[in-house]
Amino acid sequence: MTEELSTAKKRKFTFPSAYTILAFIIIIVAGLTYIIPAGKYDTNPQDGAPIPGTYHTVEPNPQNISDMLLAPINGMYGLQDPAGTISIYNSGDLYGAIDVAMFILMIGGFLGVTMKTGAIDAGIAAVVKRLGDRGKLLIPILMIIFAAGGTSYGMAEESLAFYPLVIAALIALGYDALTGVAVILLGAGIGVLGSTVNPFSTGIASGFAGIPLTDGLPLRILILVVGCALGIWYVMRYAAKVKADPAKSRVAEQEAANRKHFLRSETQTEAPEFTTRRKIVLLLFALSFVIMVVSVIPWIDLGITRIKTRYWWFGELSALFMVMAFVIGIVYRMREQELVSNFVDGVRDMVGVALVVALARGISVIMTNGLIIDTVLYWCEQALGGLGPVPFVNVIYLLYLPLSFLIPSSSGLATVTMPIMAPLAQFQGVPESVVVTAYQSASGLLNLFTPTFAVVTGALMIGRVPFSTWWKFVLPLVLILGVMTMILLSIATIILTSGA
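Predicted, not measured: the structure shown is a model, and the values here were computed from it. (Residues numbered from 1 in each chain as written. Predicted model: local features only at pLDDT ≥ 70, side-chain atom pairs only at ≥ 80, totals over all residues. Heavy atoms only, no water.)

A. Quick peek at the overall build of the protein chain. Of the regular secondary structure elements, the protein chain holds 22 helices and two strands. Taken across its 500 residues, the protein chain has 55% of its residues classed as buried. In the protein chain, the share of contacts with a sequence separation of at least 24, taken over all contacts with a separation of at least 6, comes to 79%. Accessible surface computed for the protein chain: about 22100 Å², of which carbon and sulfur atoms make up 65%. (Helix = DSSP H or I, 4+ residues; strand = E, 2+ residues; numbered from the N terminus. Buried < 20%, exposed > 50% of the residue type's maximum accessible area, 1.4 Å probe, protein only. Contact = heavy atoms within 4.5 Å. Areas by Shrake-Rupley, 256 points an atom, 1.4 Å probe, with all protein chains shown as cover.)

If you want it as structure tokens, here you go:
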């Protein structure tokens, strides 16, 4: 009996799943609606942006148990606003997570059909054979590509489609699932952190600050380049350790299960033959992503008119991958029942990811309906008064970290805060472009690990990486990136204010 008790005490603590973490956050945030005073800013009728100096308290709307239970459901369907208490600047959440969830499910069906053709396994085997000892070059190449997507148009939910393929390729090269997750999540995330012409964050923030998108561009390019270099170094350093000794992998206990899950041809003695038909399937597979990227980028906002801006979003993208799944199945000559079965099996694999997205959006529902976001913003406004230029920029950067937790949407955060922060910066003698850069860098940094950001929770679910493992892995890099950004913001502020 004594030995059994001793064994029980030594039993290792198991970190809760993403579902439990998000549910716990919903409970905490709901509790805060009883503590934080309810308040609102008056808003501009043209764009719904808050007007500085108009904050006032309102009748509280604390969120009870019923509200907490309904939060994930409302997060999926969208906020209900019969009393008109939700400002236009929260309209990004009004539509809920159903569009993102459907996109994820259609991606699952698309991958389910494609994987059954054996084309991905055959293609990965061909890439591994061709790269040989140079396989490690795939890491910086992919991270730069995803960073380009992040810095140009804020690549986020769209990246979820790439995880199964990239993780499978890197596992086949001798790395692990965590490396695959890091390549995409950190690549695209650091790109967003160093957004240069991203119209959904930098563009909106610059508009509300009353400055051109190009203001502050050199500083943002510098943050992007240095951030990418640090991220690539960090991931390659970890990947080299795993390659040399698989036991040093942070997900070593899942190695066999991950190989079976991501490399579905592992049960065969040889990789599938890379036939002409499979090559055509891979071309259609790649074409699907090219169409996606071209169709979502707002080319006209970037000053490019030769490529038509289509303004596609998750509805159109879901239809794209659904159609391409069936095109691939027909080209591979699958029977009707086999094609449908493979598609449904792929959708089933992604159901958990879609549910996580709804839970994450439920947190925004609680905060918005609880009327506490504007109060937190007002407290930030009060804390920034009377600071010198360099302390002001660093404090505003640090304040944007918790604000990014409360409002994971970068465009929503810009709309809510920039009409207040930009005038404060002008009063302190700080260029508005530096404040825009501080906002986007802080938002991008927090969205590398926060569970309220659906892309993080979705990526970890797809990669089968526990939250605790990801946090232990990424937090040192987050600290490095944060210090780097604050140093560059301080230097830029000194140079710009001294020349004013």
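B. Expanded view of the nonpolar core. Ranked by size, the top nonpolar core spans 158 residues in total, and within it Leu186, Met421 and Trp470 carry the most contacts. The element that contributes the greatest number of residues to this core is helix 22 (residues 467-498), accounting for 12 residues. (Core = buried A, V, L, I, M, F, W, Y, C linked by side-chain atoms within 4.5 Å.)

C. The arrangement of the environment of proline 389 in detail. Looking at the secondary structure, you find proline 389 in helix 18 (residues 389-406). We classify proline 389 as partly exposed; its relative accessible area is 31%. Taking the C-alpha atoms as reference, proline 389 lies 6.2 Å from glutamine 428; in sequence the two are 39 residues apart. Contacts of proline 389, omitting those with residues within four sequence positions, involve Gln428, Val430, Thr493 and Thr497.

D. Layout of helix 18. Spanning 18 residues, helix 18 covers 26 Å between terminal C-alpha atoms, matching the ideal 26 Å at 1.5 Å per step. What helix 18 keeps buried is the set Phe392, Val393, Asn394, Ile396, Tyr397, Leu399, Tyr400, Leu401, Leu403, Ser404 and Leu406. (Expected span 1.5 Å × (residues − 1).)

E. Just the environment of proline 423, in detail. Considering the arrangement of structural elements, one finds proline 423 in helix 19 (residues 410-427). Relative accessible area serves as the criterion here: at 37%, proline 423 is assigned to the partly exposed category. Considered as a pair, proline 423 and glycine 210 are 213 residues apart in the sequence and their alpha carbons are 9.8 Å apart. Apart from the residues lying within four places of it in its own chain, the contact partners of proline 423 are Pro52 and Met418.

F. Summary view of the packing of helix 5 (residues 98-116) against helix 14 (residues 314-331). Helix 14 packs onto helix 5 with a crossing angle of 15 degrees between their chain directions and a minimal axis gap of 8 Å. It follows that helix 5 is roughly parallel to helix 14 by the angle criterion. Helix 5 and helix 14 meet at a crossing whose hand is left-handed. The segment helix 5 lies against helix 14, with Asp99, Val100, Met102, Phe103, Met106, Ile107, Gly109, Phe110, Val113 and Thr114 engaging Phe314, Leu317, Ser318, Phe321, Met322, Met324, Ala325, Ile328 and Gly329. A per-class count over the contact of helix 5 with helix 14 returns 14 nonpolar, four polar and one charged. (Axes fitted to C-alpha atoms, helices over the stretch in contact; angles between N-to-C directions. Parallel < 35°, antiparallel > 145°, perpendicular 65-115°, else oblique. Left-handed = near helix turned anticlockwise from the far one by under 90°. Nonpolar A, V, L, I, M, F, W, Y, C, P; charged D, E, K, R; others polar.)

G. Spatial organisation of a nonpolar patch on the surface. Residues Phe24, Ile27, Ile28, Leu32, Tyr34 and Ile35 make up a contiguous nonpolar surface patch of about 630 Å² in total accessible area. Residue placement: isoleucine 27 occurs in helix 2 (residues 18-32). (Patch = residues over 30% accessible without salt bridge, like charges linked within 9 Å, V, L, I, M, F, W, Y side chains within 5 Å. Salt bridge = Lys/Arg side-chain N within 4 Å of Asp/Glu carboxyl O.)

H. Local environment of a positive patch on the surface. Together, Arg237, Lys241, Lys248, Arg250 and Lys472 make up a positively charged patch on the protein surface. Residue lysine 472 is classed as exposed on the basis of its relative accessible area, which comes to 58%. (Lys, Arg positive; Asp, Glu negative; His and termini not counted. Charge placed at Lys NZ, Arg CZ, Asp CG, Glu CD.)

I. Structural context of unusual backbone geometry. Phi angles above zero are rare outside glycine, and leucine 371 is one such case at about 60 degrees. In this structure, leucine 371 sits in the loop between helix 16 (351-369) and helix 17 (373-383). The residue arginine 464 is not glycine, and still its phi comes out positive at about 60 degrees. Here arginine 464 lies in the loop between helix 21 (454-463) and helix 22.

J. Here's a closer look at the side chain of serine 490. If you trace the backbone, serine 490 turns up in helix 22. In terms of polar contacts, serine 490 uses its side chain to reach the side chain of asparagine 394, at 2.9 Å. Within the structure, serine 490 has its side chain in polar contact with the backbone oxygen of methionine 486 (distance 2.8 Å). Those residues in contact with serine 490, other than ones at most four positions away along the chain, are Val390 and Asn394. (Polar contact = N/O pair within 3.5 Å; in protein donor to acceptor, adjacent residues only side chain to side chain.)

K. Structural detail: the packing of aromatic side chains. Applying the stated criterion to the full structure yields 12 aromatic pairs. Arranged with centres 4.3 Å apart and planes meeting at 10 degrees, the rings of tyrosine 55 and tyrosine 378 form a pair that is stacked. Here the residue tyrosine 55 occupies a position in the loop between strand 1 (39-40) and strand 2 (56-57), and tyrosine 378 occupies one in helix 17, the gap between them amounting to 323 residues. By relative accessible area, tyrosine 55 is classed as buried at 17%. On the accessibility criterion, tyrosine 378 (28% relative accessible area) is partly exposed. (Phe/Tyr/Trp six-rings, centres within 6.5 Å; stacked < 30°, edge-to-face > 60°.)

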